[in-house]
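Here's the letter readout for the chains.
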Amino acid sequence: MIEARTGVRALALETIGMTKTFGALAALDDVSLRVEPGSFHALLGENGAGKSTLVKCIMGFYQAEQGSLLLDGAQAVVRNPRDARALGLGMVYQHFTLVPCLTGAENLVISRADAPAVIDWAKEKRALSAFLDRMPFRAPLDAPVSQLAAGEKQKLEILKLLYLDQRLLILDEPTSVLTPQEADEILGLLKGMTDAKEISVVMITHKFREVTAFADSVTILRRGRRVGGGLVAQMSTQEMGGLMIGDTQISARAARAERPPGSPPAETVLELAGLLATDEEGIDVLDRVNLKVRAGEIVGIAGVSGNGQAPLVEALSGQRTLRDGRIFIRQQAFEPTRDAYHRLKVFGLPEEPLKNATVPHMTVAENMAFRSFDRPPNTRFGWWLSPGPMRSKARELIARYRVKTQSPESAIGDLSGGNVQRAVLARELSGEVDVLIVANPCFGLDFGSVSEIRSRIMEQRNSGAAVLLISEDLDEILELSDKVAVMSQGRIAYVAPVGETDRATIGRHMAGHA
Amino acid sequence: MNDSLVVIVLLSLVGGALRVSTPFIFVALGECLTEKSGRVNLGLEGTLVLGAMSAYATSYHTGQPWLGVLAAGCAGAMLGAIHGFVCKLPRVNDVAIGIAMMLFGTGLAFFFGKAYIQPSAPRLGEIGLGDWTGDAKIASALQINSLLLIGVAVAIVMWWAFANTRWGLILRMTGDSAPSAKAMGVSVDLVRFLATTAGGFLAGVGGAFLSLYYPGSWNQGLSSGQGLMAVALVIFARWNPLRCVIAALLFGATGAIGPALQSVGVTQGYYFFNAAPYILTLLIMVGSAGSKRAARDAPGELSITK
């Protein structure tokens, strides 16, 4: 089917006129792209641009309605992921697909289509170490995968594909779980393998830095269509960004209001003192977290996901009990009760708001009233709810924050991610805010929403709120924060004003070896 | 004098452990197999009772107790297969189905078993491990049934197979991460169906021991919740087949506390001591609820640990 050519093991891939629709939505519309053998190809696009749909069609998860797939110039039929694997196509997903309870070696061996019925471990271990000797990088094979760090898991995912002798790797945002240094290391190693014509790589990403540093060629998708592409060397990031966003109007960012020089430092509003928390297995997830946030200041917490950011947000929003330590707001001890949130004006936008801050089956109006439903004018006599004021308030917020919903009576779970985010933000920012806790506010949103949500956060800072921003997107932190803190292994490893630090320093602290 | 009393009590505890533990071993191994695939089958109590009834009836009609054991396994496999099939339908909860299957299994056994309460069926033979000592007490305490040896052998094979065979790895993979299994082209539903069916077979065999060896007759109060206790035992054994055997022996020994004390003349609190296995179950559940290690060893797909 595929003829082997001398010297070049890497596959060439070409799609011609791929089209895939889901209901009325054209997720892919006549997309053609070409990946030269031994090249590093980037697939750029916003969320919902069709990148994932395209690779899922290539990998056989979906069947394209039209269009064809060529491997090394020959027509290939991929009916399911198993066919794709047999043809030499391998994929690294955004989420790990290694089995947590199996060791690295077990994961590798069982992934083979011809795994023996009875496994001779002595023989397999010898074969594995011979295989690792040929690879540019290694990963621990004897520990259960659940005990590995994210970077090691990602390496093991890639090693697995190479072990299976896949000659074209598709990577779906492979660096979202890695530190900048780990990302550079892994992408660099893959780049080396493409240069040696061992493999071809298709990488889905939205980070221009990775495209310009590692990719040879690029294809840009927008709303399911190919809008541009070519050799990376011949394109500027501005050009790529323009193609990605298209003619979307981006509202102007709220400017950062600078404090007059020489004025005394603002009052400390939020203070975390020695927060300590453990997970279900008794492992410390928060290890004496100390941090101060002043009025009119955004403190951004950077870090690789899984280093304690989620437990910190949970502790601040009352979802996790602390083993030790106190939270102070304006020198008052803060217990996460409904009354305290109201009295001290603490608000928040947790990550995955649909899961963490709404009741999906309840209406948009009800969800928007969660902060105020038990207070006048929504309540009479302290217990009788009046839906009238609730609905009119919801209408006002929906209009002001441009939440796209059929009516205030629709279930909030039916809204798109960006609109849920806007609805929750509208609820949280509708009153006076003293403390605002925001976690990954723009994750998975399109450019228009990102810009709008960031300016809302900046507005709150400018009007004097103390803002704690927890984000896995370093660019977001660098753009919004006045002060950067780095979280690593459950503790605050580094704090610096944003003007006195740089990406490399932050990255070193994120990796935990600084 | 006192020494010999202690020896008698210890001997009866060991004897009790060897005699009573076999059904626990089989049910626990069956449940362990099922849970390793990521599904809970709470219906094994019903499987155990139906297995006991089928074994007794088959042995009575054919005169072949070992055919009875096979029939018990097949009846158990059938219940397991029903559980496995229903659970793969969309939006079905395995715990709820398990409870329904438990009631179905016991009900079916009582319905067909009415006729077999009176007649006497040929029983399984025994192996005298202590005969060489020449001591009647030791000999009677160390009499075991070959099903115990088979149970231990099955446990060792399962333990080995989980780590050293393709089937074992696929089973663990399915139980720990269904998305990974699917990505590898494994049919999660099929693996779970087979695991539940095989688990049912083992639990059925455990039932055969109850009616054909000890206590060795068929009646409606035969099981007294042993199938449910075995589920707790799997958690205690942290999903390891070898630990399942040890835990089952421990359960057997606690079950023998009451009779052992009675045999040396301690009759006070007889019913209390008879409740020892149930108290142990309760303590294990309370203890393992907060156990970090149990949480780590639990298969990731289990609905009771999610």
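Throughout this document, residue positions are counted from 1 along each chain, in the order its sequence is written. Chain letters and ligand numbers both follow the written order, the letters beginning at A and the numbers at 1. In keeping with the predicted nature of the model, local features appear solely for residues at pLDDT of at least 70, side-chain atom pairs appear and are counted solely at 80 or more, and the whole-chain, interface and lining totals rest on all residues. Values reported for side chains reflect all heavy atoms of the structure, with hydrogen atoms and water molecules removed beforehand.

Focus on the overall build of chain A
Item 1. In terms of helices and strands, chain A carries 17 helices and 22 strands.
Item 2. The C-alpha radius of gyration of chain A comes to 25 Å, within 12% of the 24 Å expected for a compact globule of 514 residues.
Item 3. With a 1.4 Å probe rolled over the protein chains alone, any residue whose accessible area is under 20% of its type maximum counts as buried; one over 50% counts as exposed, and the rest are partly exposed. Residue burial in chain A is summarised as follows: out of 514 residues, 52% are buried.
Item 4. Any two residues having at least one pair of non-hydrogen atoms within 4.5 Å are treated as being in contact. In chain A, once contacts between residues fewer than 6 apart in sequence are set aside, the share between residues at least 24 apart is 67%.
Item 5. Areas reported as accessible are Shrake-Rupley estimates using a 1.4 Å probe. Residue values count occlusion only from the protein chains shown. When the accessible area of chain A is evaluated, it comes to approximately 23000 Å², of which 51% is carbon and sulfur surface.
Item 6. In this tally, Lys and Arg are treated as positive and Asp and Glu as negative; His is ignored, and so are the chain termini. To locate a charge, the coordinates of NZ of Lys, CZ of Arg, CG of Asp or CD of Glu are taken. Computed over 59 positive and 63 negative side-chain charges, the separation of the two mean positions in chain A equals 2 Å. Only runs of H or I of at least four residues qualify as helices and only runs of E of at least two qualify as strands under DSSP, and these elements are numbered from the N terminus. Two things to know: the radius of gyration comes from C-alpha atoms, and the globule rule equals 2.2 Å times the number of residues to the power 0.38.

Overview of the packing of helix α2 (residues 44-62) of chain B against helix α3 (residues 65-87) of chain B
All names here are of chain B.
Item 1. For helices, the fitted axis covers only the stretch in contact; all axes are lines through C-alpha atoms, and the angles between them, taken along N-to-C directions, range from 0 to 180 degrees. The N-to-C vectors of α2 and α3 enclose an angle of 145°; their axes lie 7 Å apart at closest approach. Between α2 and α3 the crossing geometry is right-handed. Between α2 and α3, the contacting residues are Gly46, Thr47, Leu50, Gly51, Ser54, Ala55, Thr58, Ser59 and Thr62 on the first element and Pro65, Leu67, Gly68, Val69, Ala71, Ala72, Ala75, Gly76, Met78 and Leu79 on the second.
Item 2. Charged residues are taken to be Asp, Glu, Lys and Arg, nonpolar residues to be Ala, Val, Leu, Ile, Met, Phe, Trp, Tyr, Cys and Pro, and polar residues to be all remaining types, Gly included. Residues belonging to the contact of α2 with α3 are distributed by class as follows: 10 nonpolar, nine polar and no charged. Throughout, a crossing is termed right-handed when the near helix is turned clockwise from the far one, and left-handed when it is turned anticlockwise from it by less than a right angle.

Side note on the interface of chain B and chain A
Quite often, the size of an interface is put as the accessible area lost when its parts meet.
Item 1. With 16 residues of chain B at the contact, the number on the chain A side is 21 residues.
Item 2. When two parts are brought into contact, each loses some accessible area as probed by a 1.4 Å sphere; the total of that loss over both is the buried area. When the two sides are added together, the surface that chain B and chain A hide from each other amounts to roughly 1800 Å², 59% of it contributed by carbon and sulfur.
Item 3. By convention in these notes, a salt bridge is any Lys or Arg side-chain nitrogen within 4 Å of a carboxyl oxygen on Asp or Glu. Inspection of the region where chain B meets chain A yields one salt bridge.
Item 4. Close ionic contact of Glu106 of chain A with Arg172 of chain B constitutes a salt bridge, the shortest N to O distance being 3.3 Å.
Item 5. Any pair of nitrogen or oxygen atoms within 3.5 Å is treated as a polar contact; in protein, a donor-acceptor pairing is required on top of that, and neighbouring residues in sequence qualify only through side-chain atoms on both sides. For the pair chain B and chain A, the interface holds eight residue pairs in polar contact (both at pLDDT 80 or more).
Item 6. For the side of chain B that touches chain A, the secondary-structure elements that each account for two or more residues are α6 (146-164), α7 (166-176) and α15 (292-297) of chain B.
Item 7. Per-element tally for the side of chain B that touches chain A: the top contributor is α7 of chain B, with six residues.
Item 8. Its residues assigned to classes, the side of chain B that touches chain A shows six nonpolar, five polar and five charged.

Looking at the packing of aromatic side chains
Residues and elements named next belong to chain B.
Item 1. Each pair of aromatic rings taken from Phe, Tyr and Trp, with Trp reduced to its six-membered ring, is defined by centres within 6.5 Å and is described as stacked if the planes are under 30 degrees apart, edge-to-face if over 60, and tilted in the remaining cases. Under the counting rule described, the total for this entry stands at 12 aromatic pairs over all chains.
Item 2. Between Tyr270 and Tyr271 the ring centres are 5.4 Å apart and the planes differ by 80°, which places this aromatic pair in the edge-to-face class.
Item 3. With a relative accessible area of 23%, Tyr270 lands in the partly exposed category.
Item 4. For Tyr271, a relative accessible area of 70% translates into the label exposed.

Focus on the domain arrangement of chain A
Residue and element names in this part refer to chain A.
Item 1. Each domain's extent is set by a domain assignment, obtained either automatically or from a database. Considered domain by domain, chain A is made up of domain 1 (13-99 + 165-245) and domain 2 (268-510).
Item 2. Summarising the inter-unit geometry, the C-alpha centres of domain 1 and domain 2 are found 34 Å apart.
Item 3. Contacts between the two partners involve 10 residues from domain 1, matched on the other side by 10 residues from domain 2.
Item 4. Both faces combined, the contact of domain 1 with domain 2 buries some 820 Å², and carbon together with sulfur accounts for 65% of it.
Item 5. Our count for the domain 1 to domain 2 interface comes out at zero salt bridges.
Item 6. Counting the contacts that link domain 1 with domain 2 gives zero residue pairs in polar contact (both at pLDDT 80 or more).
Item 7. Its residues assigned to classes, the side of domain 1 that touches domain 2 comprises five nonpolar, three polar and two charged.

Let's talk about a nonpolar patch on the surface
Item 1. Taken together, the side chains of Val118 of chain A together with Ile156, Trp159 and Trp160 of chain B present a nonpolar region at the surface, about 400 Å² in accessible area.
Item 2. Positionally, Trp159 of chain B belongs in helix α6. Only residues whose relative accessible area exceeds 30% and that form no salt bridge are eligible for patches; like-charged ones are grouped when within 9 Å, while nonpolar side chains (Val, Leu, Ile, Met, Phe, Trp, Tyr) are grouped when within 5 Å.

Some details on the sheet that holds strand β4 (residues 66-71) of chain A
Residue and element names in this part refer to chain A.
Item 1. Here, a strand pair is defined by DSSP locating no fewer than two bridges between the strands. Pairing within the open sheet is antiparallel, and its four strands lie in the order β2-β1-β4-β5. Strands with a single pairing partner mark the edges of an open sheet, and in this sheet they are β2 (25-35) and β5 (74-76). Neighbour to neighbour, the strand axes of the sheet diverge by 30° on average, direction disregarded.
Item 2. Sheet topology places strand β1 (residues 13-22) next to β2; seven bridges connect them, and they run antiparallel. In the strand pairing of β2, Leu13 is matched with Val35.
Item 3. Where helix α1 (residues 51-59) meets the sheet, it contacts β1, β2 and β4, and its direction lies at approximately 115° from that of β1.

Looking at helix α9 (residues 309-316) of chain A
Residues and elements named next belong to chain A.
Item 1. Along α9, six of the eight residues are buried, which leaves the element largely enclosed by surrounding structure.
Item 2. Those residues of α9 that fall on the buried side of the exposure criterion are Gln309, Pro311, Leu312, Val313, Ala315 and Leu316.
Item 3. Trailing α9 by a residue or two, Gly318 shows a phi angle of about 75°, which is positive.

As for the environment of Val191 of chain B
Item 1. Note on placement: Val191 of chain B falls in helix α9 (residues 188-212).
Item 2. Setting aside residues no more than four positions away along its own chain, Val191 of chain B makes contact with Ile170, Leu171, Thr174 and Val186 of chain B.

Re the confidence of the model for chain B
Item 1. For chain B, mean pLDDT is 88; residues scoring 70 or higher make up 96% of the total.
Item 2. The ipTM for the predicted assembly is 0.85, set against a pTM of 0.78. Per-residue confidence from the predictor is reported as pLDDT, which spans 0 to 100.

Structural notes on the layout of surface pockets
All names here are of chain A.
Item 1. A cavity here means a set of points on a 1 Å grid, drawn over the protein atoms and nothing else, where a 1.4 Å probe fits but cannot get out; a pocket is an open set with protein on both sides within 12 Å along at least five of seven lines, and a residue lines either one if it has an atom within 4 Å of a point. Grid points are joined across faces, edges and corners, and a volume is the space filled by probe spheres set on the points. The space that makes up the second largest pocket amounts to roughly 850 Å³.
Item 2. Taken together, 32 residues make up the lining of the second largest pocket; nearest its centre are Phe347, Phe370, Arg371, Arg427 and Glu428.
Item 3. Only α9, α10 (338-344), β16 (346-349), α13 (387-400) and α14 (417-429) provide two or more residues apiece to the lining of the second largest pocket.
Item 4. Broken down by element, the residue count for the lining of the second largest pocket peaks at four residues, all from β16.

With respect to the nonpolar core
Item 1. One finds Val218 of chain A together with Met173 and Trp218 of chain B to be the most contacted residues of the largest nonpolar core, which totals 127 residues.
Item 2. Membership of the second largest hydrophobic core comes to 34 residues, among which are Leu286, Val289, Leu344 and Ala485 of chain A. The term nonpolar core refers to a set of buried residues drawn from Ala, Val, Leu, Ile, Met, Phe, Trp, Tyr and Cys, joined through side-chain atoms within 4.5 Å.

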